[in-house]
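# Working through the structure, step by step
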Amino acid sequence: MHVDRYERYWMWAAIGMLVLFTGAIVITAVTGAAHPPSHTEVIDPETLTVAGEFATPGVTTHEDGRVTVSLRAEFYVFRPEHVRVPAGVPVTFRITSPDVLHGFQIVGTNVNLTVAPGYVSQATTTFDTPGEYLVVCNEYCGLGHHLMQGAIVVEPGR
Ligand code: CUA
């Protein structure tokens, strides 16, 4: 089959772009630990405030030093609003919503979750630098969306 020379150049250019962009996705996923919000644990949004992990959200420290933080994102606050965690240990954030879609972004880190009612979103990060990290809701959730923020206070490691 005859393919015109310029058409062949463009075909190779298109293949080259596919390789380049796919490579960029793979490199950011590996080096930046970026990933889609694919955690698919489900939860009943109507009962999560009554009983279970998210009825009493907060910080749990495990025997090996790892930390789990359970949170609720709801009109227009994160519960708990302020969280204290140690630096230098893996911290797993687990968050869900009893009402509408919210966001959970810890500014200055790669933690950026979509919080959808019915699902538990989860991300693990290690804070190397102590300090106060701003948490913002980055999904428009209603009239108080711009007020919806919290803080992670990272204390020097033990
Ligand atoms: Cu919650 Cu915007």
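Now for a look at the structure at hand. (Residues numbered from 1 in each chain as written. Predicted model: local features only at pLDDT ≥ 70, side-chain atom pairs only at ≥ 80, totals over all residues. Heavy atoms only, no water.)

Residue Tyr76 is reached from Phe75 by a cis peptide bond, and omega for that bond is -25 degrees. With respect to the secondary-structure elements, Tyr76 resides in the loop between strand S3 (67–74) and strand S4 (77–79). Here the bond from Arg79 into Pro80 is cis, since omega is -5 degrees, no more than 30 degrees from zero. Position of Pro80 among the secondary structure elements: in the loop between S4 and strand S5 (82–86). (Helix = DSSP H or I, 4+ residues; strand = E, 2+ residues; numbered from the N terminus.)

As a further point, take helix H1 (residues 5–31). Here H1 contains 27 residues, and its C-alpha end-to-end distance of 38 Å stays within 8% of the 39 Å for a straight helix at 1.5 Å per residue. Of the residues flanking the end of H1, it is Ala33, one or two places downstream, whose phi is positive at about 50 degrees. (Expected span 1.5 Å × (residues − 1).)

Turning our attention to the side chain of Thr92. Looking at the element boundaries, Thr92 is found in strand S6 (residues 90–96). Those residues in contact with Thr92, other than ones at most four positions away along the chain, are Val67, Thr68, Val69, Gln122, Ala123 and Thr124. (Contact = heavy atoms within 4.5 Å.)

A separate point is the pattern of salt bridges. Within this structure, the stated rule accounts for six salt bridges. With its nearest N and O atoms 2.8 Å apart, the salt bridge here joins Arg94 to Glu53. Here Glu53 lies in the loop between strand S1 (41–42) and strand S2 (58–61) and Arg94 lies in strand S6, a separation of 41 residues in the sequence. With a relative accessible area of 12%, Arg94 lands in the buried category. Judged by its relative accessible area of 32%, Glu53 falls in the partly exposed class. Arg84 serves as the salt-bridge partner of Glu155, at 2.8 Å between the closest nitrogen and oxygen. Of the two residues, Glu155 is situated in strand S11 (residues 149–155) and Arg84 in strand S5; the sequence distance between them amounts to 71 residues. (Salt bridge = Lys/Arg side-chain N within 4 Å of Asp/Glu carboxyl O. Buried < 20%, exposed > 50% of the residue type's maximum accessible area, 1.4 Å probe, protein only.)

Treat this as a map of the structure, not an account of what it does.
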